Amino acid sequence: MNHVVVVGAGLAGVRSVEALRARGFAGTITLMGEEAHRPYDRPPLSKSVLLGETDSTVVDSDLDALEVDFRPGVAAKGLRPGVVETTEGEVAYDGLVIATGARPVRLRGDGEQHVLRTIDDALALRERLVAGVRVAVIGAGWIGAEVATAAHRAGCEVTVVEAADLPLSQALGAVGGHTARWYEQAGVELRLGVQVASVDHDGLTLADGSRVRADVVVTGVGVRPAVEWLAGSGVELDNGVVTDEHLRTSLPGVVAVGDCAAWWSRRYDRRLRVEHWDTALGAPEVAVAALMGGDAVYDPVPYFWSEQFGHMVQYAGHHDDGNDGERLVLRGDPEGGSRWGACWVRGDGRLAAVLAVNRPRDLLQGRRLIEGGQRLDAVRLADPAVALRDC
Ligand code: FAD
């Protein structure tokens, strides 16, 4: 293998380059990304960047020392075995890493619609978040909650509309409902069970015909894997790039990592596609090992965090909300206290997932318990005074 091409210059892309060099790959590496920027971190975009605390989140990685042929502003348009077709001609490869991440979903309507995926998105939105401006945020998921936090701090008048009956319901099920009071306490209007029909010049039209007036609209309703360029390439696609447990795709010499990869999880016995920073950080090491002939397995306990309305929210694992005899155990009082959590416990007594609100130690210990697979005592789990590792 003389030439590895990495498509997508986000965190997963640059980590792939680092992992190749760390494993002693001495050949040529080309890293191409459609954005004009050096690789940067996205989590701060909806936090410190929107809050005006920083303008740059560039990843601390020395591309010169890595001797990588970095091509910003170059997009892959197509793939056939051994060749990536790009906006600047064809590039031949011996090994290929697909790291093209995901793109935000936009809604119907011809009004201006901000999304938040890139540093350019974040800086453009920040400009608009000034005191007194009416901001409508569509979606009370992770991004919607963080945007609402920043807009509220900037002195905007914020309305969040959410199609589901609870905030964060897709990720946390019923537990997400306990975050509704954070909106109320902040003075942010949260409208649940509301469908948006279109984004217009002066706000939103809802499915029942009513209007939400707004000067700024932010759509935070999720993302889709950025894999359109792989159509017809022979790389199997199904909610992202389908890979095995080694992150190999259906095309020889091609691996996939990060938000775009749907890998086979041994731990959960299913395919997972996880849009989390920690996955983009950790998967490249395994994918690159596979590219270089190794057979390491990618089998993490997924981990995610969010900072919203002054709360640190952390989640590890994967739960099924009621399936397989899974039970929900609350730790602490979500409606009264500021430090609480939740554990999803499988029928066999093992921990499937943990949520920690302002309880970082629970997250750390819970993640280890999930990895270790010990059986837990549900009664002790429900007592927030008992450390998770002692349950
Ligand atoms: P990306 O970061 O999306 O990078 C992919 C790159 O590929 C992009 O630069 C894209 O332009 C480029 N690309 C796409 N198509 C092509 C093509 N055809 N040719 C060339 N280049 C292409 N995770 C957490 O765990 N905690 C958080 O608090 C958190 N906050 C977040 C806040 C925001 C605003 C966002 C957007 C994400 C957040 N995430 C968070 C998720 C985390 O940032 C992502 O999981 C991570 O960025 C995924 O990295 P990636 O390299 O796989 O994809």
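So, here's what we can say about the structure. (Residues numbered from 1 in each chain as written. Predicted model: local features only at pLDDT ≥ 70, side-chain atom pairs only at ≥ 80, totals over all residues. Heavy atoms only, no water.)

**A closer look at the nonpolar core**
Nonpolar side chains in soluble globular proteins tend to be buried together. Grouped together as the largest cluster of nonpolar side chains are 53 residues, with contacts concentrated most on Leu247, Val257, Cys343, Leu351, Val354 and Leu381. Here this core gathers at least three residues from each of two domains, domain 1 (3–103 + 224–291) and domain 3 (313–390). The contacts of Cys343, once residues within four sequence positions are left out, are Arg327, Leu328, Val329, Arg331, Leu351, Ala353, Val354, Leu381 and Leu388. Formed by 41 residues, the second largest nonpolar core is a distinct cluster that contains Ala140, Val147, Trp182 and Phe304. (Core = buried A, V, L, I, M, F, W, Y, C linked by side-chain atoms within 4.5 Å. Buried < 20%, exposed > 50% of the residue type's maximum accessible area, 1.4 Å probe, protein only. Domains from an automatic or database assignment. Contact = heavy atoms within 4.5 Å.)

**What about the site of the ligand?**
If you check the shell around the ligand, you find 34 residues, and the closest are Glu35, Arg42, Lys47, Arg117 and Asp259. Contacts to the ligand include Glu34, whose backbone N or O atom sits 3.1 Å from a nitrogen atom. Here an oxygen atom of the ligand sits 2.6 Å away from a polar atom, N or O, in the side chain of Lys47. In isolation the ligand exposes 1,000 Å². Once the protein is present, 96% of that is buried. Among the elements of the structure, helix H1 (11–22), strand S8 (102–104), helix H6 (277–291) and strand S21 (303–308) are those that each provide at least two residues to the shell around the ligand. Looking at the shell around the ligand, its residues break down into 18 nonpolar, eight polar and eight charged. Residue-level mapping places the shell around the ligand at the junction of two domains, with at least three residues from each of domain 1 (3–103 + 224–291) and domain 2 (106–219). (Near = heavy atom within 4 Å. Polar contact = N/O pair within 3.5 Å; in protein donor to acceptor, adjacent residues only side chain to side chain. Areas by Shrake-Rupley, 256 points an atom, 1.4 Å probe, with all protein chains shown as cover. Helix = DSSP H or I, 4+ residues; strand = E, 2+ residues; numbered from the N terminus. Nonpolar A, V, L, I, M, F, W, Y, C, P; charged D, E, K, R; others polar.)

**Brief notes about a positive patch on the surface**
Together, Arg339, Arg361, Arg368 and Arg389 give the surface a local cluster of positive charge. Its place among the elements puts Arg368 in helix H7 (residues 360–372). We classify Arg368 as exposed; its relative accessible area is 55%. (Patch = residues over 30% accessible without salt bridge, like charges linked within 9 Å, V, L, I, M, F, W, Y side chains within 5 Å. Salt bridge = Lys/Arg side-chain N within 4 Å of Asp/Glu carboxyl O. Lys, Arg positive; Asp, Glu negative; His and termini not counted. Charge placed at Lys NZ, Arg CZ, Asp CG, Glu CD.)

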